[in-house]
Amino acid sequence: MEYVKLYHDLLELLPSGSIQELMEIAYRHIRKPILATDVTYQLLGIYPQQKTGKPYWDRLFEQGKYDTKTIMELYEDGIMQSADQQVHPYLVDWGRAAKQEPKIVGLIRVNGHTEGYISILCEKEECTEELLGAVEIIQKICSLLYQEKRSQSNMATMQTKAFANELLRGKLTSREELLLWQRNMEFYPAGSFQILVIQGSTQNTDAVFSNFYVKFLEISHQQLSLIRYPYLYILIYDLPREGCMKIADQLEELLTDFHLKCGCSDPFDDLLQTQIFIEQASVALKTGKKHAPKEPIYKYPNYALLSLIESGSDHVSSWNGLHPMITMLQEYDALHHSELYATLASYIYAMGQPAQIVKELHIHRNSLPYRLRKIESITGYSLQNFETILHLSINFYLKKQKEV
């Protein structure tokens, strides 16, 4: 392998060549099918431009990208994660995509981050040090070319990413700072907003978030994002009145495909309040995962009260948090075979509505006042006292949540 000739031919592409041209030059030197994708498996270049008879390879050639199912196969087989552990080109010959289609993988890296992949079809016995050395050269030049192309064509995108980074990290704290960004940006988010905080398993990588985000952009174009592992933060802007629930079914399907969970804030109108609503979405995610682990989406209004109560009772045992009336009535019922505890529970759940209570308990309407007076007499507590009703309501609310 003439490394000097390979270097010379590839360097001539800088700065104005294309990655497709790079693939063609690389092929002339290594004589093996080669392609490049970004980190979301969007095809950047491939040569030769024809089918190889390898299903996964040919799928990229024909479609220009991998679908969600294929991307998750790569993740589940550990192929995506392997890139996080490598610097030099390496052979991939495991998993559904590579067991029958072994390949050498090189990394397109910019500022220390993996931005894409180079793949060369190669049987294990053909993977020599000489070939790996050639791929090392190819990945370095491809990284330089990728960085150059991105800086030339995506200045507006980079500015938007910088704004998203400042906003979602809580660095913008004044109206003046927001106005400065607004005056200097070609784009500025407007309308109503909503925050999504997304988390996966501990083994999720940034590449999974990136792939999810690209697919989510196909559902909703108006969004900014920030990955701060292990979370992906998304600000949706120009929100319709019904919020992100308009696309809830598609979002739920996408989250399920990528094995992710999502907390969803209330809609809001002021970007200066972004951190408040990030907290909302984070609370919904944390509380929702605890109480409904099989669900993919957790809306803040559904978990706000539960989170508030749990955060206030973290250092109090469940027994000590009970109102004394509950244990007193349970003990009384056990001795006298009565149903005063059930009467109290129905009274709280029905918010004191007599018609609903007597229907649920299957008792005569005249029996209810008698039972309520009996409860007050036995316990010494009044059901007309606000703090008593509030305490009991919290107890029965938490009981119901545990039963769900």
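See the structure printed just above.
About the cut-offs
Residues numbered from 1 in each chain as written. Predicted model: local features only at pLDDT ≥ 70, side-chain atom pairs only at ≥ 80, totals over all residues. Heavy atoms only, no water. Helix = DSSP H or I, 4+ residues; strand = E, 2+ residues; numbered from the N terminus. Rg over C-alpha atoms; globule rule 2.2 N^0.38 Å. Contact = heavy atoms within 4.5 Å. Areas by Shrake-Rupley, 256 points an atom, 1.4 Å probe, with all protein chains shown as cover. Lys, Arg positive; Asp, Glu negative; His and termini not counted. Charge placed at Lys NZ, Arg CZ, Asp CG, Glu CD. Core = buried A, V, L, I, M, F, W, Y, C linked by side-chain atoms within 4.5 Å. Buried < 20%, exposed > 50% of the residue type's maximum accessible area, 1.4 Å probe, protein only. Pairing = 2+ DSSP bridges. Axes fitted to C-alpha atoms, helices over the stretch in contact; angles between N-to-C directions. Disulfide = S-S within 2.5 Å.

Colleague: Would you mind showing me how to read the overall build of the chain here?
Modeller: If you tally the helices and strands in the chain, you get 18 helices and ten strands. For 404 residues, the compact-globule estimate of 2.2 N^0.38 gives 22 Å, and the chain exceeds it by more than 25% at 30 Å. With the C-alpha coordinates aligned to their principal axes, the bounding extent of the chain is approximately 100 × 55 × 35 Å. Look at the contacts in the chain between residues 6 or more apart in sequence, and 61% of them connect residues 24 or more apart. Carbon and sulfur atoms form 51% of the exposed surface of the chain, whose accessible area is close to 21500 Å². Separation between the mean location of the 40 positive side-chain charges and that of the 49 negative ones in the chain comes to 4 Å.

Colleague: It is not clear to me how the nonpolar core should be interpreted in this structure. Could you clarify?
Modeller: In summary, soluble globular proteins display a tendency toward joint burial of nonpolar side chains. Counting 44 residues, the largest nonpolar core has Leu196, Ile198, Phe212, Phe216 and Ile234 as its most contacted members. In terms of residue count, the dominant contributor to this core is helix α10 (residues 206-219) (six residues). Setting aside anything within four residues of it in sequence, one finds Phe216 in contact with Leu196, Gln223, Ile234, Ile236, Ile247, Leu251 and Leu254. Counting 29 residues, the second-largest nonpolar core is a separate cluster that includes Ala26, Tyr27, Ile141 and Tyr146.

Colleague: Explain the sheet that holds strand β8 (residues 231-236) here, please?
Modeller: Strands in a sheet are paired, the pairing made by backbone hydrogen bonds, and the direction either parallel or antiparallel. In space, the five strands of this open sheet follow the order β7-β8-β6-β9-β10, with mixed pairing throughout. What marks the edges here is a single partner per strand, and that holds for β7 (223-228) and β10 (297-299). Sheet twist, expressed as the average angle between the axes of neighbouring strands with direction ignored, equals 20°. Where strand β6 (residues 194-199) and β8 come together, six bridges link them in antiparallel fashion. Its bridge partner being in β8, Val197 is matched across the sheet by Tyr233. Sitting on the sheet, helix α11 (residues 248-257) touches β6, β9 (261-264) and β10, and the angle it makes with β10 is about 135°. Helix-sheet contacts for helix α12 (residues 274-291) involve β6, β8, β9 and β10, and the interaxial angle to β6 is about 40°.

Colleague: Looking at this model, I keep getting lost on the state of the cysteines. Mind explaining?
Modeller: In a disulfide, the sulfur atoms of two cysteines are held together by a covalent bond. A full pass over the atoms with the stated rule returns zero disulfides. The structure places no disulfide on Cys262, whose sulfur is separated from the nearest cysteine sulfur, that of Cys264, by 5.9 Å. Cys262 sits in the buried class, given a relative accessible area of 0%. Look at Cys264 and you get buried, because its relative accessible area is 2%.

By themselves, these figures tell us nothing about what the structure is for.
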